[in-house]
Amino acid sequence: MNKRSHSIAFWAGIAVFLVAVLSMTQIVRNEYPFFAGYVILQFIALAVAWTILGGYAGYVNFGTNAFFGVGVYTAVALFKATGAPLVVQIAAAAVVGMLLGFGVGLLTLRMRGIFFSIATIALAIIIETFVMNWRFVGGAAGIQLQRPPVMAPFDSYVKMLFFVQAVLVVIAVGIARYIQNSRMGRGLQALRDDELAAECTGVPTLKLKLVACMISGALMSAVGAPAAMYLQYADPSSAFNLTYSVSALAMSLIGGTAHWIGPVLGAILLGSTQQFLAVTISSEVNVLVLGIMLVLFVVGAPKGIIGLLRPRYRLRAGGKQ
């Protein structure tokens with residue numbers, strides 16, 4: 001009964017969130033909140049996706065920018081070749097990201113610790129180099145994109161992208177929550193605590209890591225797909241920027257990786273702070289703020305925000321919240 005009540009409360013909250021986002025697109029006329037809100041939602045989805053492998057399984061992934069960039073350029077290539085709508089671009093990016101996650105997982109998930117992290121950094125460099133020499137999508141110079149007509153009930157493309165990114169956040173959070181409360185989540189937690197012991201007790205560690213890498217990669221690439229239309233431009237240095245990897249990791253650690261709500265809280269806190277500073281001071285201080293906040297939380301609250309909230313709200317790593 002307790003599990004059912006938590007599920008009802010969760011999906012009711014999701015419904016309220018989507019209705020609020022849709023209402024906002026119809027009421028608010030100033031487009032800046034949607035430009036800033038899109039970035040915050042984008043980082044929420046990336047942080048949640050990162051946590052599926054980096055948090056639940058404990059495999060620190062520095063290749064977020066690789067999957068994000070693949071999503072961007074999958075959408076660009078598909079739009080240029082066929083004029084495919086945004087939904088198709090996102091679906092195709094998710095499939096490509098999942099296949100990339102499978103391939104990368106087979107090659108790297110037998111490595112552990114820093115060796116796996118280094119391998120994911122190399123992945124981003126390899127893919128970025130390939131895209132820089134791919135003339136069809138603009139190569140190193142980048143490519144300009146013309147947005148197609150906006151669909152009802154939205155009156156601007158940015159508002160539509162804002163809502164689309166909100167839906168991607170819901171999908172990412174829903175999947176992360178399901179994994180956390182499932183046998184897969186318990187298996188990932190076991191291999192994070194002691195992989196050798198988990199293998200000895202019959203946990204299919206490689207299979208679980210592969211599935212987690214595929215799901216995480218699919219979500220990251222799907223999140224990247226709308227980015228080219230958001231900027232109306234794509235170039236390799238921006239699409240594969242290491243900031244995506246660092247931010248996703250920092251937001252997850254700041255929020256806490258033991259529970260799905262941790263990266264959500266971390267992304268909201270850090271993303272909102274960065275957007276505020278970008279308007280009031282300069283976007284150049286964003287990396288500085290990210291570093292300071294990460295150090296403060298690692299030293300003062302190593303389990304993140306949820307580590308501070310857990311004694312009060314009984315958030316459990318394998319709980320039903």
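Once a new chain begins, its residue numbering starts again from 1 and follows that chain's sequence as written. For a predicted model such as this one, the threshold for reporting local features is a pLDDT of at least 70, and the threshold for listing and counting side-chain atom pairs is 80 or more; totals across whole chains, interfaces and linings nevertheless cover every residue. Side-chain measures were taken over the full set of non-hydrogen atoms in the model, leaving aside hydrogen atoms and water.

**Q** When you look at unusual backbone geometry in this model, what are you seeing that I'm missing?
**A** Excluding glycine, residues mostly have negative phi values, and the peptide bonds linking residues are mostly trans. Residues Ala152 and Pro153 are joined by a peptide bond in cis, for which omega reads 5°. With a phi close to 60°, Gln232 is a non-glycine residue in the positive phi region. Along the chain, the position of Gln232 falls in the loop between helix H10 (227–231) and strand E2 (233–234). Starting at the N terminus, helices and strands are each numbered in turn, a helix being any DSSP run of H or I of at least four residues and a strand any DSSP run of E of at least two.

**Q** It is not clear to me how empty space enclosed by the protein should be interpreted in this structure. Could you clarify?
**A** Empty space left among the atoms is revealed by rolling a probe the size of a water molecule over them. Only protein atoms enter the 1 Å grid, on which a cavity is a set of points fitting a 1.4 Å probe that cannot get out and a pocket is an open set with protein on both sides within 12 Å along at least 5 of 7 lines, lining residues being those with an atom within 4 Å of a point. Grid points are joined across faces, edges and corners, and a volume is the space filled by probe spheres set on the points. One pass over the full model with this rule turns up two cavities of 30 Å³ or more. Put simply, the second largest cavity is a space of about 30 Å³. If you trace the second largest cavity, you find it lined by Leu168, Ala172, Leu219, Ala222 and Val223. Elements represented by at least two residues in the lining of the second largest cavity include exactly helix H6 (157–180) and helix H9 (205–224). Broken down by element, the residue count for the lining of the second largest cavity peaks at three residues, all from H9. Any residue that is not Ala, Val, Leu, Ile, Met, Phe, Trp, Tyr, Cys, Pro, Asp, Glu, Lys or Arg is counted as polar, Gly included; the first ten are nonpolar and the last four charged. Class assignment for the residues of the lining of the second largest cavity results in five nonpolar, no polar and no charged.

**Q** Can you help me understand the side chain of Thr51 in this one?
**A** Here Thr51 is to be found in helix H2 (residues 32–54). Only protein chains enter the accessibility calculation, which uses a 1.4 Å probe. A residue is then buried if its area is under 20% of the maximum for its type, exposed if over 50%, and partly exposed in between. Judged by its relative accessible area of 2%, Thr51 is buried. Definition of a polar contact: a pair of N or O atoms within 3.5 Å, with one able to donate and the other able to accept a hydrogen when the atoms are protein atoms, and with sequence-neighbouring residues admitted only if both atoms are side-chain atoms. A polar contact is formed between the side chain of Thr51 and the side chain of Ser252, at a distance of 3.2 Å. In this analysis, two residues are considered to be in contact whenever any of their non-hydrogen atoms come within 4.5 Å of each other. Beyond its immediate stretch of four places on either side in the chain, Thr51 contacts Tyr56, Ser252, Thr257 and Pro263.

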